[in-house]
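The lines below spell out each chain.
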Amino acid sequence: MSGSDSGATWAASSGLAGGTSTEVERGRDEFVALSAITLNVNGRRLRLEVDTRTSLLDALREHLRLTGTKKGCDHGQCGACTVLLNGRRIYSCLALAVMHEDDEIVTIEGLGEPGDLHPVQAAFVECDGFQCGYCTPGQICSAVGMLAEAAAGWPSHVTADVSSPRIALSGAEIRERMSGNICRCAAYPNIVAAIRIVSEGGPA
Amino acid sequence: MVIGQALNRVDGPLKVAGRATYAYEHWDDGPPLYGFIVGATIGIGRITRIDTSRAERSPGVQLVMTHHDAPAQGSPDLSIPFEYWRAYPVLSSPDVHHYGEPVALVVATTFEQARAAAALVDLEYAGGSGSYDFAACVDQAYAPDNLIFGILPTDTAVGDLDAGFDSAPVRIDERYTTPYELSQPMEPHACLVVPDGEDLIVYVSTQIVDAARASIASTLRIDPERIHIITPYVGGGFGSKLRIHSETILAVFAARALRRPVKLALTRQQIFHLTGVRPTSSQRVRLGAQRDGRLVAIAHEVTMHTNRHSEYIEPTATTTRGLYAAPHRLTRTWLTPLDLPRGEDVRAPGEAPGLLAVESAMDELAHAVGMDPVELRIRNEPTVDPERGVPFSDRHLVDCLREGARRFDWERRPATPASVREGQWLVGYGMAAAIRGHFQAPTTGRVRLAADGTAAVQSDMTDIGTGTYTILTQVAADGLGLPPGRVRVELGRSEYPVSMGSGGSWGAANSSTAVHRACEALREKLVTTARNDARSALHGLDPAGAEFSGGRVSIGGVSEALSEIVARNHPEGVEAEGETLAMTDDPNYRDYALHTYGAHFAEVGVDADTAEIRLRRMLGVFSVGRVLNAKTARSQLIGGMIWGLGAALEEEAVVDPRSGAFVNRDLAQYMVPVHADAVEVDAVVLDGFDDKANVLGAKGLGELGICGAGAAVANAVFNATGVRVRDFPITLEKVLPGLPPMED
Ligand code: FES
Ligand code: FES
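Keep in mind that this is a model prediction, so the values were computed, not measured.

Novice: Please explain the overall build of chain A as it appears in this structure.
Specialist: In terms of regular secondary structure, chain A is built from 7 helices and 6 strands. Relative to its full complement of 204 residues, chain A shows a buried share of 58%. Long-range contacts, defined here as pairs at least 24 residues apart, represent 50% of the contacts in chain A between residues at least 6 apart. For chain A, the exposed area adds up to about 8,000 Å²; of that, 53% sits on carbon and sulfur atoms.

Put into structure tokens, the structure is as follows:
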């Protein structure tokens, strides 16, 4: 049936990603092109077989059941899916899982857990940097990535002196750098307050 | 007292650690199948042919459902005043009523397969000619027969508006328009349905558990007891999850047909057409005043769109009824039927668009009579409800105005528009008043004390980010004299006592009152038990003076731990329920006008060359009776204020006049406020206690923050530039032509 044709097409495209492809029969007339990949997630080396169309976000949520990373738009427009990829923040909905063989991924679950929270997580609780909590893992991962970018001296659109090796994280700097993470509950002032606590090395 | 304290959210650690599970994220019932909705690509008409064969042959596909094979469904019972409880038929006919309406459902083993197969459903339509252009159809408006939400009249009149207005020496008569807006919570509308024998377990992102259950049951025409709703965490609702929509009904159909767990989430684009929209409005506001600013006439006449097949009346004109004194008054509501998605509640339905118009008009009046806008409002403060004649329960609007003006340094406001320039920025100040009715609805809560001295609160109430888990922890802690750490709150399950959920800002007061009463009943049980228990230290003592604190009950100098009383007499635990009345059964709603109040102050900068508008700071001061949690209350209010900012400057869904589609249907093009927009926003709540509202003195505040906030920003834009924009949102191209000429 026509399923095998499309299966072959996917097998070919998944080859581009360097993974191994298999065609798996799943009953009825289904043929699914899967690629076996290895991801390092929160310090654990995990093997999984994914459809080549599977986003990194869905690999985390639907395959590894790490649902802390959220899907808000699936189109790179909200930031709910932000994770740390080799230390840098990315929108995981805009990445295909097969593109990330052997990459190091840290999700919200890897930053901390109740009772042993990461300083940014703890500051979010203290400052009430969320309401519904759905954008929150993305905000927190984004904040962790952003703090590293600022520490490395990366300027932003609002940096007055882009040649300065030191970035002072003012409210305006934090707001600019966090604007890729939408919070519809609009907890923004409290999120900025939480990030300032951490960036200024205050209690968290 | 734990009530009122700025307790951190008790669900906070779970949320910040990514361990709070939302509807699409439950795995206990095994791997689900994935659904994907195919939406109509016409605005009105009829499906003439559907060929599902390509989709059915697509890998992994388990089911393709269309109107040909969807189950028979109940239709909405229009006698139910709140439509959230009514049936919600989907795929029930070949007719298309608006763009994006579901025309097929595809279910497959994986999400990728379902999405791919959805693109393979072949459809042909016979398109009709639809009405999509509000401005072009506004002359077709009609006066609706129904009450708003089954309780509020659409129109009111006091005195003789026309005569009063005509006699006034100062007259403002302007028309304001507001656009289509959407709730757009960050968690998409999602559902996971697990068949369990003849029953269905439904994990769904919803604001009202009981309504979700009733709506599913009446759509399927089955016993509601067969439906088990579970919704411990909801990723925002803002009105769009008051009722369940097609995602839930279609997941239910599929799970029943396939006898497998099925989950389905709307895509962000689908949310624009499938979850309801705040109708666009055209609002005529007339203010007739004496030269000293005193109002003699106030009229607010509103026309909004409604979907032709599903009437929705946003209570926009009602906003003005209790706001200012004036002997001659009129409010009127008309609807223009269009072939667009249904109108539904979006945060602060009515007040949000209504106060944009009325509070802009008040600013125009202040300018016309040369008065400070704060003083103008104070001058028109009513002593009793100006329409109903009854006293206000606890009105502190003037206190909010004065305190806000003081904290904001309002006296530094440029008295003349377009008179202050800092570098490239024209700087202006604006303010607006806020008012919102406080409502109440029947709600039951249960409190159970275990033999270890810990308490569990149970209600089908939801926490949509509002802080319900936390405030009910505080209420029960005070109610039983327990430390908050010994209270556990369990929400969002249909087997728990029924609440009216989260909506209309009534959830906190409804549920807190019910839980408080449950605690009272439980205390009564405990002291009676102890008095009758020969082994109790309190045996035979008069329970009248009993005090509960630190997990102990004491009478006179004698005390005993609650855990001991329970362990001896009720080893399985002991519980009690408490109730909140419907407002129609509460005489205070007849004898008093119950509202919440606020005053917003904003400072903006407008780029003198480009007309780019930037908020510089914003402050709201509010009166909401007693605050249950200072931290979560402030967060709610700030969030609402930023929504107001979005309504003033950004949010607008644009209709394609050929198809009725919202053309900017994603978060890159439907602009909502982001971090960079929300500069220095703060909220302050006045101490208070409204003894007419309920035993706790607390009123709702989830929507108050948005009320009037946008008008304060709009008025600041006028103060900065001298340009009055009455067509919201205020975007650059509307301001630019009126800016002062560029300097050389
Ligand atoms: S889900 Fe990835 S940016 Fe929105
Ligand atoms: S906390 Fe709800 S969207 Fe940010």
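Novice: I'm lost on the overall build of chain B in this one. Help?
Specialist: A tally of regular secondary structure across chain B gives 18 helices and 27 strands. For chain B, the C-alpha radius of gyration of 27 Å lies close to 27 Å, the compact-globule estimate for 744 residues. Seen through its C-alpha atoms, chain B measures out along the principal axes to roughly 85 × 75 × 50 Å. Taken over 744 residues, chain B has a buried fraction of 66%. A separation of at least 24 residues holds for 81% of the contacts in chain B among residues at least 6 apart in sequence. Carbon and sulfur atoms form 49% of the exposed surface of chain B, whose accessible area is close to 24,400 Å². Each charge class in chain B can be summarised by its mean position, and for the 69 positive and 94 negative side chains these summaries are 2 Å apart.

Novice: Explain the sheet that holds strand 17 (residues 425-437) of chain B here, please?
Specialist: Adjacent strands of a sheet pair through backbone hydrogen bonds, lying either parallel or antiparallel. Residues and elements named next belong to chain B. Pairing is mixed across the open sheet formed by 5 strands, whose spatial order is 16-17-25-26-27. The open sheet has two edge strands with one neighbour each: strand 16 (421-422) and strand 27 (681-685). Pairing of strand 26 (residues 613-623) with strand 27, which is carried by 5 bridges, proceeds in the parallel orientation. For M618, the partnering residue across the bridge sits in strand 27 and is V681. Along the sheet face, helix 17 (residues 709-721) touches strand 17, strand 25 (595-607) and strand 26 and points at about 155 degrees away from the line of strand 17.

Novice: Honestly, the nonpolar core in this entry has me stumped. Any pointers?
Specialist: Most often, soluble globular proteins keep nonpolar side chains buried together rather than apart. All names here are of chain B. Judged by nonpolar contacts, the single largest core of 190 residues is most densely connected at L365, L449 and V735. In contact with V735, not counting residues within four places along its chain, are V606, A611, I613, V717, T721, V723, V725 and I730. If you look at the next biggest cluster of nonpolar residues, it comprises 35 residues, including Y88, C191, V193 and I271.

Novice: What am I meant to see in helix 12 (residues 468-480) of chain B here?
Specialist: Counting along an α-helix, one turn takes 3.6 residues, and residues three or four places apart therefore face a common direction. Residue and element names in this part refer to chain B. Here helix 12 is 13 residues long and its end C-alpha atoms lie 18 Å apart, about the 18 Å a rise of 1.5 Å per residue gives. Regarding helix 12, the residues found buried are T468, Y469, T470, I471, L472, T473, Q474, V475, A476, A477, G479 and L480. Phi turns positive one or two residues past the end of helix 12, at G481, with a value near 65 degrees.

Novice: Even after reading the chapter, I still don't get the pairing of strand 11 (residues 227-230) of chain B, so can you show me in this structure?
Specialist: A regular strand places its side chains on the two faces of the sheet in alternate fashion. Sheet topology places strand 10 (residues 199-204) of chain B next to strand 11 of chain B; 4 bridges connect them, and they run parallel. The partner of Y203 of chain B across the bridge, within strand 11 of chain B, is I230 of chain B.

Novice: Would you take a moment to explain the interface of chain B and chain A for this structure?
Specialist: Note on interface size: it is often stated as the accessible area lost on association of the parts. Of the residues lining the interface, 69 residues belong to chain B; the matching set on chain A comes to 64 residues. With both sides pooled, the region where chain B packs onto chain A buries about 5,400 Å², and carbon together with sulfur makes up 54% of that total. For the chain B face of the interface with chain A, the top three residues by lost area are V16, M186 and H675 of chain B, together amounting to 17%. Here chain B is connected to chain A by 6 salt bridges. Close ionic contact of K631 of chain B with E126 of chain A constitutes a salt bridge, the shortest N to O distance being 3.7 Å. Put simply, chain B and chain A have 31 residue pairs in polar contact (both at pLDDT 80 or more) between them. When contributions to the side of chain B that touches chain A are tallied by element, the ones reaching two or more residues are helix 1 (12-16), helix 2 (53-57), strand 3 (61-65), helix 3 (111-118), helix 8 (268-274) and helix 16 (630-649) of chain B. Residue contributions to the side of chain B that touches chain A peak at 9 residues, all from helix 16 of chain B.

About the criteria used
- Residues numbered from 1 in each chain as written.
- Chains lettered and ligands numbered in written order.
- Predicted model: local features only at pLDDT ≥ 70, side-chain atom pairs only at ≥ 80, totals over all residues.
- Heavy atoms only, no water.
- Helix = DSSP H or I, 4+ residues; strand = E, 2+ residues; numbered from the N terminus.
- Buried < 20%, exposed > 50% of the residue type's maximum accessible area, 1.4 Å probe, protein only.
- Contact = heavy atoms within 4.5 Å.
- Areas by Shrake-Rupley, 256 points an atom, 1.4 Å probe, with all protein chains shown as cover.
- Rg over C-alpha atoms; globule rule 2.2 N^0.38 Å.
- Lys, Arg positive; Asp, Glu negative; His and termini not counted.
- Charge placed at Lys NZ, Arg CZ, Asp CG, Glu CD.
- Pairing = 2+ DSSP bridges.
- Axes fitted to C-alpha atoms, helices over the stretch in contact; angles between N-to-C directions.
- Core = buried A, V, L, I, M, F, W, Y, C linked by side-chain atoms within 4.5 Å.
- Expected span 1.5 Å × (residues − 1).
- Buried area = accessible area lost by both parts, 1.4 Å probe.
- Salt bridge = Lys/Arg side-chain N within 4 Å of Asp/Glu carboxyl O.
- Polar contact = N/O pair within 3.5 Å; in protein donor to acceptor, adjacent residues only side chain to side chain.

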